[in-house]
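Listed below are the residues making up each chain.
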Amino acid sequence: MMSALPLRPVPVPRETLPSFVSRMAAKNFTSVMEFAQDMGFTFRAVLLLDPAVLDSIARLGGLDDDRMADLVSWTGTAIGDVRTTFRSEVFVSRALRNPQVRGCPICLREDADAHDGRAVEAMAMRGHWQLRHAMTCVAHDHPLIPLWQRGPVPERFDTVARLAEIEGDIRSGALDRRRRTPTAYDLWLDARLATGDDGTWLAGHPLYAGTTFCHLLGQALLRLGDHVDTEETEAQWIAHDLGFQVARGGETAIANALAHLAANTDHYNDLPNKTFKPLYHRLSTDLRDDPDFAPFRALMRDRILATWPMAAGDDVLGERLEVRRLHSLRSAAREIGVGSQFLEQFLVRHGAIAPDDDRPDTRKTFDAAAYADLLAEIPTLVGPKEMRRAISATLPQFRALVDAGLLVPRIDISTVKFPWRLSDGARLLDLLRAGATRIDPADRDWEHINRARIRTGVDLRRIVEAIEEKRLRVGHRPDLAGYAGIFVCRNDVDVLKDHRSRRQRPEFPSAGEFGRSIGLRNRADFQRLVDDGHTPGTPLPNPRTHRVHVYITEEDAAAFHAKFMTISTIIRETGLHRNSANSLIEKRGVERFRPAGEDYGPVYLRADVERALSLRP
């Protein structure tokens, strides 16, 4: 049974096993290859941490179990072909094993200066020097520098032979570099390797994932600073700390940094790969399926989906996007087959895009789901000729309907030549034909609805309201289509015209009229708001028909305005342009009043609006 050698080194804190065995060989005046062979094993078996060989080394070096475990811990134990356990953490092996061997020349010189014998017997290789993401010796404020490079593994780890080749440069200071104050990242990594202590958000993540992400994020952040002329090694040292300063703060800090990067691209059409560079590349390739990087991929994915108009079916960092979240002005225009300039007018008017957004079309983005109905509708809009043809109205009849507000363009911008919805025309005809009786073309008791307006001077809207309220009989001629066939009873219109009847009508607006006055296109929305008890209305009988209708008195109106606002009332009270009001409501997340999911149209709680628009002092 082997016993401890008389000539044997004492392990240096953080020393690796190959370094210790090489120094033990040097103490006995032989090479590490010959030493291993003389002791009955091979140096390759040492590098593979063969359990039987480790027992032999422990006996030869006079090491107890704790000392031996420490040497192995700072060396790293292979797990399969591509993973290594190092300091109780699992790393990808290439993060520790590299043909280029680095170290601190000052540590090595101090080893030599404190030893009475040959320098190579004392100079020890520290385990943390192996880690690719270790950048600085915090004991000496010195960067870790390349010491040698060897391909064959036994040569690379024959540390005594390699150190003998550079001993002169080590001892003379020729390898020394300008010292630097360790960064927060340097100190964090050193402490975590030494004791496992970590007071940052990264404590909950494997060290390999944490160091790698810090480096990748820092590389992306480098382009935002003045680091163009920085030497590469120095830049990578800075990058690690830049990334760490963000990542230590957790998910919110990382999300904010990614948003800042996305908002400050080099070119307006840069995609995620150009914006985040190595960070995106690594998370989308070799780190794409690594579970340790899942939290970082999720943060990156959220930023990508919040910035770029990724289409349904796109692969975003390993996950297939089921539903598009964002559209850009360009992607939406292409999807529905219209020009960007044409579409932008609609999006600005409906608050999807701010009117002062001067970004390129590819970066003007909006919520795809929120405006899906609008996008689907725009290609179906028609011009005035097609609208008139669809409802069978002459030009004067069509203009009268528009002037009365019975037909409202989807967008009221003069440069938009196709603002009309065929569905609006169809709804109007359905309303007028509901309950209509078939009339003989020769019956002179009936006249066309527009002719009735001209003959009596009664507002067309009032005539339609009377039809809705069943106070005016309506007929249709079978020989005429659409609006051309809508006739009303002459006597009923004359009664409607009668001054006394009009004077007896309540002086207050009906619920539908009031709703229209505050900008609600659907006449039924305000009525339902009253019916459901959210705002008051006053039931009053119509003196002619004796039917009870809801009217809005001054007190009722005041109660509504105290509780609610609409875009029209916001404009009246603030003086904002309609586009600006819509944009602010959208961007500041003011939700429509929808108790229990019930939709009353674009009605908002006043408190929410005032809070969002800072109307209150």
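Remember, it's a predicted structure, so these values are computed and weren't measured experimentally.

Draft legend 1. A look at the pattern of salt bridges. Within this structure, the stated rule accounts for 42 salt bridges. The network of salt bridges with shared partners includes E377, R410, R421, D424 and R427.

Draft legend 2. The arrangement of the packing of aromatic side chains in detail. Enumeration over the complete set of coordinates arrives at 20 aromatic pairs. When the ring of F276 is compared with that of W308, the centres are 5.9 Å apart and the planes differ by 70°; the resulting orientation is edge-to-face. Of this pair, F276 sits in helix α13 (residues 272-276) while W308 sits in the loop between α15 (294-307) and β8 (315-316), placing them 32 residues apart in sequence. Ring pairing ties together the aromatic residues W74, F86, F91, W201, Y208, F213, F293 and F296, which thus form one cluster. The lysine or arginine in question, R180, covers the ring of W237, its NZ or CZ lying 4.0 Å from the ring centre.

Draft legend 3. Here's a closer look at unusual backbone geometry. Residues other than glycine seldom take positive phi values, yet S88 does so here, at roughly 65°. Within the fold, S88 resides in the loop between β2 (83-86) and β3 (89-92). Accessibility expressed as a relative area gives 73% for S88, which makes it exposed. A positive phi is found at S392, a non-glycine position, where the angle reads about 60°. Positionally, S392 belongs in the loop between α19 (384-391) and α20 (395-403). Judged by its relative accessible area of 27%, S392 falls in the partly exposed class.

Draft legend 4. Representation of the confidence of the model for the chain in the model. Put simply, the chain has an average pLDDT of 91, and 96% of its residues get 70 or more. Put simply, helix α25 (residues 499-504) is where the chain has its lowest mean pLDDT, 47, and strand β5 (residues 136-137) is where it has its highest, 98. Within the model, pLDDT remains below 50 along residues 499-503, and this stretch shows four contacts once partners closer than five positions in the same chain are excluded.

Draft legend 5. Spotlight on the sheet that holds β3. Read from one edge to the other, the open sheet built from three strands follows the order β1-β2-β3, with strand pairing classed as antiparallel. Each of the sheet's edge strands pairs with one partner strand only, and the pair in question is β1 (77-79) and β3. The average undirected angle you get between the axes of adjacent strands in this sheet is 35°. One ladder, built from four bridges, connects β2 with β3; its direction is antiparallel. Bridge assignment links T84 to a residue of β3, and that residue is F91.

Draft legend 6. A look at the packing of helix α12 (residues 251-263) against α15. Contact pair α12 / α15: the axes reach a minimum separation of 10 Å and the direction vectors enclose 40°. The angle between the axes of α12 and α15 places the two elements in the oblique class. Considering how the two elements wind past one another, α12 and α15 form a crossing that is right-handed. Along the contact surface, α12 presents E251, I254, L258, A259 and A262, while α15 presents L299, M300, R303 and T307.

Draft legend 7. Representation of α15 within the structure. With 14 residues, α15 extends 20 Å from end C-alpha to end C-alpha; this agrees with the ideal 20 Å at 1.5 Å per step. All of the buried residues in α15 are F296, R297, L299, M300, R301, I304, L305 and T307.

Draft legend 8. Geometry of a negative patch on the surface. A contiguous patch of negative charge on the surface is contributed by D50, D55, D64, D65 and D66. Among the structural elements, D50 can be located in the loop between α3 (43-47) and α4 (51-61). Residue D50 is classed as partly exposed on the basis of its relative accessible area, which comes to 32%.

Draft legend 9. The arrangement of the environment of N273 in detail. Tracing the backbone shows N273 in helix α13. When the C-alpha atoms of N273 and L347 are compared, they prove to be 28 Å apart, with 74 residues separating the residues in sequence.

Draft legend 10. Just α20, in detail. Considered for burial, the residues of α20 that qualify are Q397, F398, A400 and L401. Projection of α20 onto a plane perpendicular to its axis shows the buried side chains occupying an angular sector of 160°, all on one side. Turned more than 90 degrees from where α20 packs its buried face, P396, R399 and D403 sit exposed. Its buried side turned inward, α20 meets α19, α21 (422-433), β13 (446-448), α22 (449-456) and α23 (460-468). Following α20 by one or two positions, G405 adopts a phi angle in the positive range, close to 75°.

Draft legend 11. Just the environment of A25, in detail. As for its placement among the helices and strands, A25 is situated in helix α1 (residues 17-27). For the pair A25 and H205, spaced 180 residues apart in sequence, the C-alpha to C-alpha distance is 40 Å. Among residues more than four places away in sequence, those in contact with A25 are T30, S31, V32 and F35.

Draft legend 12. Seen up close, the sheet that holds β13. Spatially, β12-β14-β15-β13 is the arrangement adopted by the four strands of the open sheet, whose pairing is mixed. The sheet is open, and its two edges are formed by β12 (437-438) and β13, each paired on a single side. Strand direction decides the pairing type here: strand β14 (residues 474-476) and strand β15 (residues 486-489), joined by three bridges, are antiparallel. Bridging from a neighbouring strand, H476 pairs with I486 of β15. Strand contacts of α22: β13 and β15, with the helix running at about 95° to β13, the strand carrying the most contacts. Strand contacts of helix α24 (residues 490-497): β13 and β15, with the helix running at about 65° to β15, the strand carrying the most contacts.

Draft legend 13. Main features of the packing of helix α9 (residues 184-195) against helix α11 (residues 232-247). Axis separation between α9 and α11 bottoms out at 8 Å; the angle between their running directions is 80°. Judged by the angle between their axes, α9 and α11 are roughly perpendicular. Here A184, Y185, D186 and W188 of α9 come into contact with α11, specifically with W237, H240, D241, F244 and Q245. Looking at the contact of α9 with α11 residue by residue, the class counts come to five nonpolar, two polar and two charged.

Draft legend 14. Region of the structure containing the side chain of E89. Mapped onto the secondary structure, E89 falls in strand β3. Among the polar contacts listed, one links the side chain of E89 to the side chain of R192, at a separation of 3.0 Å. Residue contacts for E89: discarding those within four places in its chain leaves T84, R192, P206 and L207.

Draft legend 15. Examining the nonpolar core more closely. If you look at the biggest cluster of nonpolar residues, it comprises 69 residues, and the most contacted ones within it are L258, F276 and L279. Looking at this core, the element that brings in the most residues is helix α10 (residues 207-222), giving nine residues. Apart from the residues within four sequence positions on either side, F276 is in contact with A220, L258, L261, A262, M300, R303, I304 and W308. Counting 30 residues, the second largest nonpolar core, distinct from the first, contains M387, L401, L432 and A452.

Conventions we followed
- Residues numbered from 1 in each chain as written.
- Predicted model: local features only at pLDDT ≥ 70, side-chain atom pairs only at ≥ 80, totals over all residues.
- Heavy atoms only, no water.
- Salt bridge = Lys/Arg side-chain N within 4 Å of Asp/Glu carboxyl O.
- Phe/Tyr/Trp six-rings, centres within 6.5 Å; stacked < 30°, edge-to-face > 60°.
- Helix = DSSP H or I, 4+ residues; strand = E, 2+ residues; numbered from the N terminus.
- Lys NZ or Arg CZ within 6 Å of the ring centre and 35° of its normal.
- Buried < 20%, exposed > 50% of the residue type's maximum accessible area, 1.4 Å probe, protein only.
- pLDDT = per-residue confidence, 0-100.
- Contact = heavy atoms within 4.5 Å.
- Pairing = 2+ DSSP bridges.
- Axes fitted to C-alpha atoms, helices over the stretch in contact; angles between N-to-C directions.
- Parallel < 35°, antiparallel > 145°, perpendicular 65-115°, else oblique.
- Left-handed = near helix turned anticlockwise from the far one by under 90°.
- Expected span 1.5 Å × (residues − 1).
- Patch = residues over 30% accessible without salt bridge, like charges linked within 9 Å, V, L, I, M, F, W, Y side chains within 5 Å.
- Areas by Shrake-Rupley, 256 points an atom, 1.4 Å probe, with all protein chains shown as cover.
- Lys, Arg positive; Asp, Glu negative; His and termini not counted.
- Charge placed at Lys NZ, Arg CZ, Asp CG, Glu CD.
- Arc of directions from axis to C-beta.
- Nonpolar A, V, L, I, M, F, W, Y, C, P; charged D, E, K, R; others polar.
- Polar contact = N/O pair within 3.5 Å; in protein donor to acceptor, adjacent residues only side chain to side chain.
- Core = buried A, V, L, I, M, F, W, Y, C linked by side-chain atoms within 4.5 Å.

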